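Chain by chain, the residues run as shown.
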Amino acid sequence: MYRFNSVLAASAAFVLLGLTGTSAAFAAGPAAVTLGTAGNYVILSKAGISTTGTTKITGNIGASPIAASAITGFGLAMDSSGTFSRSILVTGLVYAANYKAPTPAMLTAAVGDMQTAYTNAAGRPAGVTELGSGNIGGKTLVPGVYKWGTGVTIPTDVTLSGGKNDVWIFQIAGTLNISSAMKVILKGGALAQNIFWQVAGSTTLGTNSTFNGNILDKTNIALKTGAVLNGSALAQTAVTLDANTVTGIVVNPAASTYHATSPARVLDSRPTAAGHTNIGLAGKFTAGTVRTFAVAGVIGVGATSVAVPTNATAVTGNLTIVNQTAAGVVALGPIMTASGATTTINFVKGDTRANNVTLGLGSGGTLAAVYRSSTAGATIDLIFDVTGYFTPDTSGATYHTLTPGRILDTRPTGSGHTNIGLSGKFTTKSVRTFAVAGVKALGWTSALVPSAATAVTGNLTVTDATSIGYVSVGPTIAPVPSTSTLNVAKGANVANGVTVALKSGKLQAVWDGTAGSSADVIFDVTGYFTSGSGGLSFYPIAPVRVLDSSMSLGLSGTFTSGTARLFTIGGTAGVPTGAAGIAGNLTLLNPSSSGWALVSPEIVASPITSTLNVASGHSEANGFDVALGSGGHVALEWAGTTGSTANIALDVTGYWK
């Protein structure tokens, strides 16, 4: 932290008290307080959380060691896993100590981290003491550590002035109160995530007040009617709410541009053997255990240089699951909890499956993964191939969204489909090249992808495979490639999203199955990249579930075959109004027949493209990039047999703007 001599301390006090007209600052203040896993919650309490009125919370809430009966007014709906519940008042998940494992242990750790953070904040050496005798209304406070042996009141607006990396810690021995309609104002780029209010007594946010920062309170936190909190309420007793808006701290994502690469394997938990090489992590994943692996700075299998540089903010890639001992899901993201709502792949036992992702990276250029299964002790192997990365600058390519268009379908024309791109099935280990740039997709009168495109996003589908096998797609592909794009069982219809570099406007693909086997291949384009600043930048966010019709989250009721529904995303869940597109994951849940689903910018009368293919009764997922339609919405459609139904879930991992 900043060290004062007596002259500097006195000078700083004059500025803080408003006795000079000169703007001054302490440097950046102290180091931030580490919240640990408590930072995964916007509200965390040991004694209960209650609300009246129409409260709106963005982020997870949790209570421990108290049971869920102490979380009142939320109308909780338990998830089938028993590890979390939902509420129409919470954009996030609700956890309690009496839910199924691993939730109790997860909450115990979070409460411990909350108490550690409180002690850490309370123990920081103070730079300014007893400012204003506890009345800080009307003052402008620069970064630093402030301490009071009494309570603190904010009867008029107070301003915290500093940059985006500056830190404030307030040590309060008594109570903290902000009066009705008053505000804690942030100026100069100051961020709520870097503000810590350590309070020994109770905290009260007055009616219609606006408060910024993390409240670490040893007793209770009360938000009066209409009060707004941008930050977190972490209380060692209870939290009470009344028609409030509480928004968890979201680190503003950086605008990033894209660098497509040749596919590189950076994770394979299987032991080295014929056909594969262990890299990243050794040994199977066990259900309920989060594991983190490096992505940035790693030299992938078969490569001679690093696939992803250390300044990367996000990656595109392909996650493959294999050797699972029980049905379940795998979730992948920059950070991860043992239980949660977002998923990357859904699968049954024995199903080798892959899914495309566009994801932000965690601290140090890592990703975290967890296998969730109702079978205790279940295990699985995970594989991750990188296909490109994003950097927070203008050195890479920018993105152009498209309404999806089909440019490859090897099936002969008939039965609802039209041959385009290449004719005839792919045969095993035979590499084929097809054009992407300059192609007029089915139903289009002009080319979707220009010759200047360096990479594309799209959806790869394999159908009518005569054996088990896989398809790899890329700018150049070997007959027996070291990475894969899509794994398929005999006779199955399987789709996977892709983000892939082009070579001279073309892609190569190969089918690798048993000797003499074959498969039809379909490719739909959803967007493309060009060099320079003419397109959109990517903004990675922490994965968030915005829609789950099975839980009445976002939309209620099952989807009926052939009936498309609109769902608005822009302006919610970290996606701003004005975003041009999103990256995410689409999951079909327990369809009553075999069929397919489509996510698109607008409702399409007779769609000829698809996002996800699924068998009856299976829950399956697929990654996607899609433009947002007018008003920031997407259109979602389930297509199965007449009268069939399915539930749809949608996770967002970033947006294009």
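Each residue is numbered by its place in its chain's sequence as written, counting from 1. Whole-chain, interface and lining totals are the exception, using all residues; otherwise, since this is a predicted model, local features are given only for residues with pLDDT of at least 70 and side-chain atom pairs are given and counted only at 80 or more. Note that water and hydrogens are dropped before the side-chain values are worked out from all heavy atoms of the structure.

A.B. asks: Please clarify how the overall build of the protein should be interpreted in this entry.
C.D. replies: A tally of helices and strands in the protein yields 2 helices and 51 strands. Note on exposure labels: buried denotes an accessible area under 20% of the residue type's maximum, exposed denotes more than 50%, and partly exposed covers the range between, all computed with a 1.4 Å probe on protein chains only. Looking at the protein as a whole, 57% of its 657 residues qualify as buried. Taking all contacts inside the protein whose residues are at least 6 apart in sequence as the whole, residues at least 24 apart take part in 70%. When the accessible area of the protein is evaluated, it comes to approximately 23500 Å², of which 54% is carbon and sulfur surface. Positive residues here are Lys and Arg, negative ones are Asp and Glu, while His and the chain termini are left out of the count. Every charge is mapped to an atom, namely NZ of Lys, CZ of Arg, CG of Asp or CD of Glu. Both charge centroids of the protein, one from 32 positive and one from 23 negative side chains, sit 4 Å from each other. Secondary structure counts use DSSP, requiring at least four H or I residues in a row for a helix and at least two E residues in a row for a strand, with both numbered from the N terminus. What makes two residues a contact is simply this: any of their non-hydrogen atoms within 4.5 Å. Only the protein chains shown count as cover for residues, and the accessible areas themselves come from Shrake-Rupley with a 1.4 Å probe.

A.B. asks: What is the right way to read the pattern of salt bridges from this model?
C.D. replies: Any two side chains of opposite charge can pair if their charged atoms end up close together. A side-chain nitrogen of Lys or Arg and a carboxyl oxygen of Asp or Glu constitute a salt bridge if their distance falls within 4 Å. Taken as a whole and assessed by the stated rule, the structure comprises 12 salt bridges. Where Arg-265 meets Asp-268, a salt bridge forms, and the shortest distance between an N and an O atom there is 3.9 Å. One network of salt bridges, with partners in common, ties together Arg-265, Asp-268, Arg-270 and Asp-385.

A.B. asks: Even after reading the chapter, I still don't get unusual backbone geometry, so can you show me in this structure?
C.D. replies: Backbone geometry follows two general trends: most residues other than glycine have a negative phi, and most peptide bonds adopt the trans configuration. The amide bond that connects Ser-64 to the next residue, Pro-65, takes the cis arrangement and shows omega of 10°. With respect to the element layout, Pro-65 can be found in the loop between β4 (61-63) and β5 (71-72). Within the chain, Ser-504 stands out as a residue other than glycine whose phi angle is a positive 55°. Checked against the element boundaries, Ser-504 lands in the loop between β40 (494-501) and β41 (506-513). Judged by its relative accessible area of 70%, Ser-504 falls in the exposed class. Positive phi, normally seen in glycine, also occurs at Asn-590, with a value near 50°.

A.B. asks: What am I meant to see in the packing of aromatic side chains here?
C.D. replies: Between the rings of Phe, Tyr and Trp (Trp by its six-membered ring), a pair exists once the centres lie within 6.5 Å; its type follows the angle of the planes, with under 30 degrees stacked, over 60 edge-to-face, and the other angles tilted. A complete count under the given rule lists 19 aromatic pairs for this structure. Note on Tyr-258 and Phe-390: the rings are 4.8 Å apart at their centroids and 45° apart in plane angle, and the pair reads as tilted. With Tyr-258 in strand β25 (residues 257-268) and Phe-390 in strand β33 (residues 379-391), this residue pair connects regions lying 132 residues apart in the sequence. Look at Tyr-258 and you get buried, because its relative accessible area is 3%. Residue Phe-390 is classed as buried on the basis of its relative accessible area of 0%. Through successive ring pairs, a cluster of aromatic residues spans Tyr-258, Phe-390, Tyr-399, Phe-529, Phe-538 and Trp-656.

A.B. asks: Looking at this model, I keep getting lost on the side chain of Gln-236. Mind explaining?
C.D. replies: Following the sequence through the fold, Gln-236 ends up in the loop between β22 (228-235) and β23 (238-242). When residues no more than four places from it in sequence are discounted, the contact partners of Gln-236 are Lys-46, Met-114, Gln-115, Tyr-118, Asp-217, Lys-218 and Thr-219.

A.B. asks: Help me out: how do you make sense of the pairing of strand β18 (residues 195-199) in this one?
C.D. replies: Looking along a regular strand, one sees the side chains alternate between the two faces of the sheet. Where burial is concerned, most of β18 is hidden: 5 out of the 5 residues are buried. Of the two faces of β18, the one lined by Ile-195, Trp-197 and Val-199 and the one lined by Phe-196 and Gln-198 are each fully buried. A pair of strands is treated as paired once DSSP finds two or more bridges between them. Here strand β15 (residues 168-172) runs beside β18; their pairing, made up of 5 bridges, is parallel. Of the residues in β18, the one forming a bridge with Ile-172 is Val-199. Both β18 and strand β20 (residues 210-217) contribute to a ladder of 4 bridges, which runs parallel. Considered in β20, the bridge of Trp-197 is made with Ile-215.

A.B. asks: Looking at this structure, how should I read the environment of Thr-108?
C.D. replies: In this structure, Thr-108 sits in helix α2 (residues 103-122). By relative accessible area, Thr-108 is classed as exposed at 52%. Sequence separation between Thr-108 and Ser-594 is 486 residues, and the spatial gap between their C-alpha atoms is 42 Å.

A.B. asks: Explanation requested: the sheet that holds strand β11 (residues 140-141) in the structure shown.
C.D. replies: Hydrogen bonds between backbone atoms are what pair the strands of a sheet, whose relative direction is either parallel or antiparallel. Taken in spatial order, the 3 strands of this open sheet run β11-β14-β17, and their pairing is parallel. Each edge of the open sheet carries a strand with a single partner, namely β11 and β17 (184-187). Of the strand pairs in this sheet, β11 and strand β14 (residues 158-161) are connected by 2 bridges, and their pairing is parallel. Along β14, the bridge assignment pairs Thr-140 with Thr-159.

A.B. asks: In this structure, what is going on with α2? I would like to understand it.
C.D. replies: Helical geometry: 3.6 residues make up each α-helical turn, so side chains three or four residues apart lie on a common side. To estimate how far a helix should extend, the number of its residues minus one is multiplied by 1.5 Å. Between the first and last C-alpha of α2 there are 29 Å, a value that for 20 residues agrees with the 28 Å anticipated at 1.5 Å per step. Taken residue by residue, α2 has Thr-103, Met-106, Leu-107, Ala-110, Val-111, Met-114, Ala-117, Tyr-118 and Ala-121 as its buried positions. Looking down the long axis of α2, one finds its buried residues gathered within 135° of arc, a one-sided arrangement. Facing away from the buried side of α2 by more than 90 degrees, the exposed set consists of Ala-105, Thr-108, Thr-116 and Thr-119. Note: the arc covers the axis-to-C-beta directions of the helix.

A.B. asks: Sorry, what's going on with the side chain of Thr-343 here?
C.D. replies: Mapped onto the elements of the fold, Thr-343 is located in the loop between β29 (328-333) and β30 (345-347). The buried category is assigned to Thr-343, whose relative accessible area is 12%. Pairs of N or O atoms within 3.5 Å make up the polar contacts considered here, provided that, within protein, one atom can donate a hydrogen while the other can accept it, and that residues adjacent in sequence are counted only when both atoms are side-chain atoms. Separated by 3.1 Å, the side chains of Thr-343 and Arg-545 make a polar contact. Ignoring sequence-local partners within four residues, the contact set of Thr-343 consists of Val-329, Val-330, Ala-331, Arg-372, Arg-545, Asn-585, Thr-587 and Asp-651.

A.B. asks: For this particular structure, what's the right way to read the nonpolar core?
C.D. replies: Most often, soluble globular proteins have nonpolar side chains that are buried together. Counting 48 residues, the largest nonpolar core has Ile-43, Ile-61, Phe-170, Trp-197 and Phe-211 as the members making the most contacts within it. Here the nonpolar core consists of buried residues drawn from Ala, Val, Leu, Ile, Met, Phe, Trp, Tyr and Cys, with membership extended through side-chain atoms lying within 4.5 Å. Of all hydrophobic cores here, the second largest spans 34 residues; its members include Ala-264, Ala-326, Ile-345 and Val-386.

A.B. asks: Sorry, what's going on with the environment of Val-308 here?
C.D. replies: For Val-308, the location among the structural elements is in the loop between β27 (291-294) and β28 (314-322). Relative accessible area serves as the criterion here: at 0%, Val-308 is assigned to the buried category. Apart from residues no more than four positions distant in its own chain, Val-308 is found in contact with Val-295, Ala-296, Gly-297, Val-298, Val-315, Leu-361, Val-386 and Tyr-389.

A.B. asks: Teacher, can you tell me more about the confidence of the model for the protein here?
C.D. replies: Any segment with low pLDDT has predicted coordinates that should not be analysed in fine detail. Confidence of the predictor at the level of single residues is captured by pLDDT, which takes values from 0 to 100. With 95% of its residues at a pLDDT of 70 or more, the protein has an overall mean of 89. Within the model, the stretch residues 1-27 combines pLDDT values under 50 with 36 contacts to residues more than four positions away or in other chains.

A.B. asks: How do you make sense of the sheet that holds β23 when you look at a structure like this?
C.D. replies: On the basis of which strands lie adjacent, the open sheet formed by 7 strands has the order β5-β2-β23-β21-β19-β16-β13 and parallel pairing. Looking at strand neighbours, the two that pair on one side only are β5 and β13 (152-154), the edges of this open sheet. Judged from the 5 bridges that link them, strand β2 (residues 48-52) and β23 form a sheet pairing that is parallel. Bridging across to β23, Ile-49 finds its partner in Val-239.

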